[in-house]
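# Fold and geometry: a report
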Amino acid sequence: MAAGATQPHYRTLDPAQIIATAERLGHRIAARFPQSSLRVVCAELISLSRDLAGSANSLSRPIWWLRAAIAAAVIGGATVFIFVGTILPFDRFPTGDAAQSVQGIEASINTLILVGLGLLGLARAEQTLKRRRVFRDLHGLRSLIHVIDMHQLTKDPNVLKVGYKPTEQSPPRITDRADLASYLDYCSEMLSITGKIAALFAQSVNDEVVIQAVNDIENLGTNLSRKIWQKISLIEGTAD
């Protein structure tokens, strides 16, 4: 391969690689925090990544039954117009005056406009159905992002400060500096993976509304991850 050439494989997201990354992260969490609920959350992330990868792949394909219905509607409408225009013996009907002729032409034009709008609506039906599926799947992903954020919420670097005293209402804390940093880093990695899963839908459905929804998911994960890295920076600042 010539120097500087780019492999086509790296021009698109590979769902299998995303799932594999999530699985490796799950093994790392289980090895360091076997009793942590974060391990369960990561297992849910792995399961969701598999489901959404399959959903995104199916959305990349045409909805054939809908396209067949649209084609049947077009053929049916064309058949009716041909039948009305060529088969019915209009010459046997009495010819009306000029006003009646104008009304007939106007009615025909209105009918053609309505038929055109109907066909346009059918043509957009596939896009609408795909959007609904994407929004439904992204809703579950957004909920999981907030669950991940809840798990890092109580991981406070202040517990590492000398003189810190918990109260009776304090939640369980990680007091080891390395473990606390690893826990927060795992949360950040999980948020990054959710963004890659969302990007699969933008890759499968070339639609501005879908792309905007995917960007919203990625921005949500990025903003929450930024807060986590602020905590990690504080942990590094408390090092001896």
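Residues numbered from 1 in each chain as written. Predicted model: local features only at pLDDT ≥ 70, side-chain atom pairs only at ≥ 80, totals over all residues. Heavy atoms only, no water.

## Digging into the pattern of salt bridges
This is how the line gets drawn: Salt bridges are counted wherever a side-chain nitrogen of Lys or Arg sits within 4 Å of a carboxyl oxygen of Asp or Glu. The way it works is that DSSP assigns letters per residue, a run of H or I at least four long becomes a helix, a run of E at least two long becomes a strand, and they are numbered from the N terminus. Each residue is placed in one exposure class: buried if its accessible area under a 1.4 Å probe, protein chains only, is under 20% of its type's maximum, exposed if it is over 50%, and partly exposed if it falls in between.
If you walk through the whole model with that rule in mind, you get four salt bridges. For Glu23, the salt bridge goes to Arg50, with nearest N and O atoms at 2.5 Å. On the criterion of sequence distance, the pair formed by Glu23 in helix H1 (residues 15-32) and Arg50 in helix H2 (residues 37-59) is long-range, its members being 27 residues apart. Taking the shortest distance from any N to any O, the salt bridge between Asp179 and Arg32 comes out at 3.4 Å. Separated by 147 residues along the polypeptide, Asp179 in helix H5 (residues 177-204) and Arg32 in helix H1 bring together distant segments of the chain. Since its relative accessible area comes to 24%, Asp179 is described here as partly exposed.

## As for the packing of H1 against H2
Spelled out, the test is: What counts as an axis is a line fitted to C-alpha atoms, over the stretch in contact for a helix, and the angles between N-to-C directions run from 0 to 180 degrees. Just so you know how the angles are binned, under 35 degrees is roughly parallel, over 145 roughly antiparallel, 65 to 115 roughly perpendicular, and the rest oblique. Note on definitions: a residue-residue contact is assigned when non-hydrogen atoms from the two residues lie within 4.5 Å. Under the scheme applied here, ten amino acids are nonpolar (Ala, Val, Leu, Ile, Met, Phe, Trp, Tyr, Cys and Pro), four are charged (Asp, Glu, Lys and Arg), and all others, including Gly, are polar.
The interhelical angle for the contact between H1 and H2, taken along N-to-C directions, is 170°, at an axis separation of 9 Å. The pairing of H1 with H2 is recorded here as roughly antiparallel in orientation. Of H2, the residues touching H1 (which contributes Pro15, Ile19, Ala22, Glu23, Leu25, Gly26, Ile29 and Ala30) are Leu38, Arg39, Cys42, Ile46, Ser49, Arg50 and Ala53. The residue inventory of the contact of H1 with H2, partitioned by class, reads ten nonpolar, two polar and three charged.

## With respect to the side chain of Ser182
Here Ser182 is to be found in helix H5. For Ser182, a relative accessible area of 16% corresponds to the buried category.

## Considering the state of the cysteines
This is how the line gets drawn: Defined by distance alone, a disulfide is two cysteine sulfur atoms within 2.5 Å.
One pass over the full model with this rule turns up zero disulfides. Not part of a disulfide, Cys42 finds its nearest cysteine sulfur in Cys187, a span of 9.8 Å.

## Focus on the packing of aromatic side chains
Which entries qualify depends on this criterion: Classification of ring pairs rests on two measures: the distance between centres of Phe, Tyr or Trp rings, Trp counted by its six-membered ring, which must be within 6.5 Å, and the angle between planes, read as stacked under 30 degrees, edge-to-face over 60 and tilted in between.
The tally for this structure, following the rule as stated, stands at two aromatic pairs. Considering the side-chain rings of Phe33 and Tyr183, the 5.4 Å spacing of their centres and the 75° angle between planes classify their relative orientation as edge-to-face. Of this pair, Phe33 sits in the loop between H1 and H2 while Tyr183 sits in helix H5, placing them 150 residues apart in sequence. Tyr183 matches Phe33 in its accessibility class, with the two residues each being buried. Note on Phe33 and Tyr186: the rings are 6.1 Å apart at their centroids and 80° apart in plane angle, and the pair reads as edge-to-face. With Phe33 in the loop between H1 and H2 and Tyr186 in helix H5, this residue pair connects regions lying 153 residues apart in the sequence. Tyr186 matches Phe33 in its accessibility class, with the two residues each being buried. Aromatic rings pair up to connect Phe33, Tyr183 and Tyr186 into one cluster.

## Comments concerning the nonpolar core
As a reminder, the rule being used: Only buried residues count toward a nonpolar core, which is a set of Ala, Val, Leu, Ile, Met, Phe, Trp, Tyr and Cys residues joined through side-chain atoms within 4.5 Å.
Of all hydrophobic cores here, the largest spans 46 residues; its most connected members are Leu138, Leu141, Met190 and Phe201. Elements that contribute at least two residues to this core include exactly H1, H2, helix H4 (98-153), H5 and helix H6 (208-237). No other element matches the twelve residues that H5 contributes to this core. If sequence neighbours within four positions are ignored, Leu138 has contacts with Ala198, Phe201, Ala213, Val214 and Ile217.

## Focus on the environment of Glu218
One can find Glu218 in helix H6. Exposure remark for Glu218: the relative accessible area of 27% places this residue in the partly exposed category. As a C-alpha pair, Glu218 and Ala199 span 19 residues in sequence and 8.0 Å in three-dimensional space. Beyond its immediate chain neighbours, meaning those up to four positions away, Glu218 contacts Gly195 and Ala199.

## Quick word on the confidence of the model for the chain
Detailed reading of the predicted coordinates is not advisable wherever pLDDT falls low. We count it as follows: A residue's pLDDT is the confidence the predictor assigns to it, expressed on a 0 to 100 scale.
Mean pLDDT for the chain: 80, with 69% of residues reaching 70 or above. Mean pLDDT across the secondary structure elements of the chain bottoms out at helix H3 (residues 64-87), with 63, and peaks at H1, with 95.

## Looking at the side chain of Gln152
Note that Gln152 resides in helix H4. For Gln152, a relative accessible area of 2% puts it in the buried group. Excluding its chain neighbours within four sequence positions, the residues that come into contact with Gln152 are Leu184, Cys187, Ile228 and Lys231.

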